[in-house]
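Residue strings, one per chain:
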Amino acid sequence: MTIPYGRQQIDSDDINAVIEALKSPLITQGPLVTSFEKDVAAYCCARHAVAVNSGTAALHVACLALGLGKGDLVWTTPITFVASANCARYCGAEVDFVDVDSDTGNMSAAALESKLSTACRLPKILIVVHLAGTPADMEKIHALASSRGIKIIEDACHALGARYKDSVTGDCSYCDATVFSFHPVKAITTGEGGMVTTNDHELEKRCRLYASHGVTRDPELMERKPDGDWAYDQIDLGFNYRMPDINAALGISQLKKLDGWIAKRNEYAALYDEALKNLGIGLPAVAKDRLSARHIYVIRVPADRRKKIFDGLRKQGIWCNVHYAPVYRQPYYAAMGYAPLDGAEEYYASAITIPLCPSLEAEEIEFVIQTLKKEISADN
Ligand SMILES: *Cc1c(COP(=O)(O)O)cnc(C)c1O
């Protein structure tokens, strides 16, 4: 038996939705993508949503749409998947990292404030990640960045279904654009897929442009008088990042189940919180003013015992993981020479992600708890 840290859940409604999409005349660029965009926009209380074929593509088009290019700078968090930084590199921009709060692993508003006050160069865009599905402190981060004219992208690839104060993650109350992923390990899946939400109509149009070759048929954007109804203009260099209708069909069906899944994730997280509270390990704290989407459940163990506990869990079929080694440690980034950040190093050294997803049975959660208790108490 192997218990994964996360995996998708596909039921017969999902399968039938995809079969129906396959029978329709348009299997890509059809009506289902538009419906899925409307559903996600409505779910997130955002004005616009643009579907693309991965979370990474969503980050890339959001950066392009905000005008990021060579000579520009992006700041993001080191405790994230590499895609949060790579999107800046795709645009020819440089990347720097803002330290995290070593308790939550989320970008620290205090670290941001001190970096802003000493930086000789300010970023054009700040990319904030809601690690584990728990929203970062967006009110403070937004106040610090927007007062200096810095644009904000929320990388909410972990956080579809999260809430922060009075806002739903994705409503862009504290940012210019929010980005989601529908990779199978995320809250809902389209196979591969992603979405940008925004309240800015111009930004939406630019995201669509870059997701489809830089080509437009929108008379407002076209630069030449059209020769006829067949005409389109390529007005900038874009990509083919479009989501097929087949995938959107799956997304529409999956989204209907999201709230139930978030509730289940929080239910399992509460079981862990209760069962693991007296073991002398760190458990994920979620501030009272937010609802975590509980994408992952990260425990914090003594750094010198992390590897042993990790290996012990894996040996017993518990497919734990570590999210994440700081991005600046990746060879590609390390070659550019970044100084390690204290909060990020502390977080990384002690973190283990234990299995949490709605497709797990309560007995599997119980098995993780019992195994973890044994591993923690063994020869410490
Ligand atoms: C999954 C993920 C991405 C990338 O999404 P893909 O759909 O896999 O391209 C980006 N950022 C974070 C934080 C993620 O977890």
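Here the structure is a predicted model, which is why all the values come from computation and not from measurement.

A look at the layout of surface pockets
When its volume is computed, the largest pocket comes out at roughly 550 Å³. The wall of the largest pocket is formed by 20 residues, among which Q29, R208, L209, S212 and R242 lie closest to the centre. Contributions of two or more residues to the lining of the largest pocket are made by helix 2 (31–44), strand 1 (48–52), helix 7 (201–211) and strand 10 (215–216). It is helix 7 that provides the largest number of residues to the lining of the largest pocket, a total of 4 residues. Split by residue class, the lining of the largest pocket holds 9 nonpolar, 5 polar and 6 charged. In this structure, the second largest pocket spans a volume of roughly 310 Å³. If you go around the second largest pocket, you meet 22 residues; those closest to its centre are F81, C157, S181, K186 and Y324.

Digging into the pairing of strand 4 (residues 125–129)
On a regular strand, each side chain points to the face opposite its neighbour's, so the side chains alternate between the two faces of the sheet. Counting buried positions over the 5 residues of strand 4 gives 5, a clear majority of the element. Pairing of strand 2 (residues 73–76) with strand 4, which is carried by 3 bridges, proceeds in the parallel orientation. By the bridge assignment, T76 is partnered in strand 4 with I127. Relative to strand 5 (residues 151–155), strand 4 runs parallel, the two being bridged by 5 bridges. Looking across to strand 5, one finds that I127 is bridged to I153.

Overview of unusual backbone geometry
In this model, H323 is joined to Y324 through a cis peptide bond whose omega is -5°. Looking at where Y324 falls in the secondary structure, it is placed in the loop between helix 10 (306–315) and helix 11 (331–334). Phi at C172 takes a positive value of approximately 60°, unusual for a residue other than glycine. Looking at the secondary structure, you find C172 in the loop between strand 7 (167–168) and strand 8 (177–181). The exposure class assigned to C172 is buried, which follows from its relative accessible area of 9%. Here the phi dihedral of R294 falls at roughly 50°; this positive angle occurs in a residue that is not glycine. Assignment of secondary structure puts R294 in the loop between strand 12 (290–291) and strand 13 (297–300). Judged by its relative accessible area of 8%, R294 falls in the buried class.

Focus on the packing of aromatic side chains
Per the stated rule, a full pass over the model turns up 8 aromatic pairs. Judged by centre distance (6.0 Å) and plane angle (65°), the rings of F97 and Y328 are edge-to-face. You can see F97 sitting in strand 3 (residues 94–97) and its partner Y328 sitting in the loop between helix 10 and helix 11, a full 231 residues away along the chain. With respect to class, F97 is no different from Y328; both count as buried. Here F97 and Y338 contribute two aromatic rings whose centre-to-centre distance is 5.0 Å and whose plane-to-plane angle is 75°, an arrangement assigned as edge-to-face.

Things to note about the environment of C207
Locating C207 in the fold gives a position in helix 7. Residue C207 is classed as buried on the basis of its relative accessible area, which comes to 0%. Distance in space between the C-alpha atoms of C207 and A378 is 52 Å, their sequence separation being 171 residues. Excluding anything up to four places from it in sequence, C207 contacts V50, V61, A62, A65 and V196.

Structural notes on helix 6 (residues 138–146)
Two residues of an α-helix separated by three or four positions point the same way, owing to the 3.6 residues in each turn. Along helix 6, the positions that sit buried rather than exposed are M138, I141, L144 and A145. One side of helix 6 carries all its buried residues, which in axial view fall inside an arc of 135°. Contacts from the buried residues of helix 6 go to helix 5 (109–118), strand 4, strand 5 and strand 6 (163–164).

A look at the pattern of salt bridges
For the coordinates displayed, the defined rule picks out 22 salt bridges. Close ionic contact of K115 with D96 constitutes a salt bridge, the shortest N to O distance being 2.7 Å. Taken together, the residues span a long stretch of sequence, with K115 in helix 5 and D96 in strand 3 at a distance of 19 residues. Judged by its relative accessible area of 23%, D96 is partly exposed.

As for empty space enclosed by the protein
According to the stated counting rule, one finds 3 cavities of 30 Å³ or more in the structure shown. Estimates place the volume of the largest cavity at around 160 Å³. As for the largest cavity, its lining consists of 17 residues, of which T104, A132, P284, A285 and Y347 are closest to the centre. In terms of residues, the lining of the largest cavity owes the most to one element, strand 13, which gives 3 residues.

Quick notes on the sheet that holds strand 5
Pairing in this open sheet of 7 strands is mixed, and the strands run 1-9-8-5-4-2-3 from one edge to the other. On the outer flanks of this sheet lie strand 1 and strand 3, each paired with one strand and no other. For this sheet, the mean inter-axis angle between neighbouring strands, taken without regard to orientation, is 20°. Against the sheet, helix 2 contacts strand 1, strand 8 and strand 9 (194–198), and its axis sits at roughly 130° relative to strand 1. Those strands touched by helix 4 (residues 83–90) are strand 2, strand 3, strand 4 and strand 5, and its axis lies near 150° from that of strand 3.

Here is what the cut-offs are and how they apply
Residues numbered from 1 in each chain as written. Predicted model: local features only at pLDDT ≥ 70, side-chain atom pairs only at ≥ 80, totals over all residues. Heavy atoms only, no water. 1 Å grid on protein atoms, 1.4 Å probe; cavity = no way out; pocket = protein on both sides within 12 Å on 5 of 7 lines; lining within 4 Å. Points joined across faces, edges and corners; volume = space filled by probe spheres on them. Helix = DSSP H or I, 4+ residues; strand = E, 2+ residues; numbered from the N terminus. Nonpolar A, V, L, I, M, F, W, Y, C, P; charged D, E, K, R; others polar. Buried < 20%, exposed > 50% of the residue type's maximum accessible area, 1.4 Å probe, protein only. Pairing = 2+ DSSP bridges. Phe/Tyr/Trp six-rings, centres within 6.5 Å; stacked < 30°, edge-to-face > 60°. Contact = heavy atoms within 4.5 Å. Arc of directions from axis to C-beta. Salt bridge = Lys/Arg side-chain N within 4 Å of Asp/Glu carboxyl O. Axes fitted to C-alpha atoms, helices over the stretch in contact; angles between N-to-C directions.

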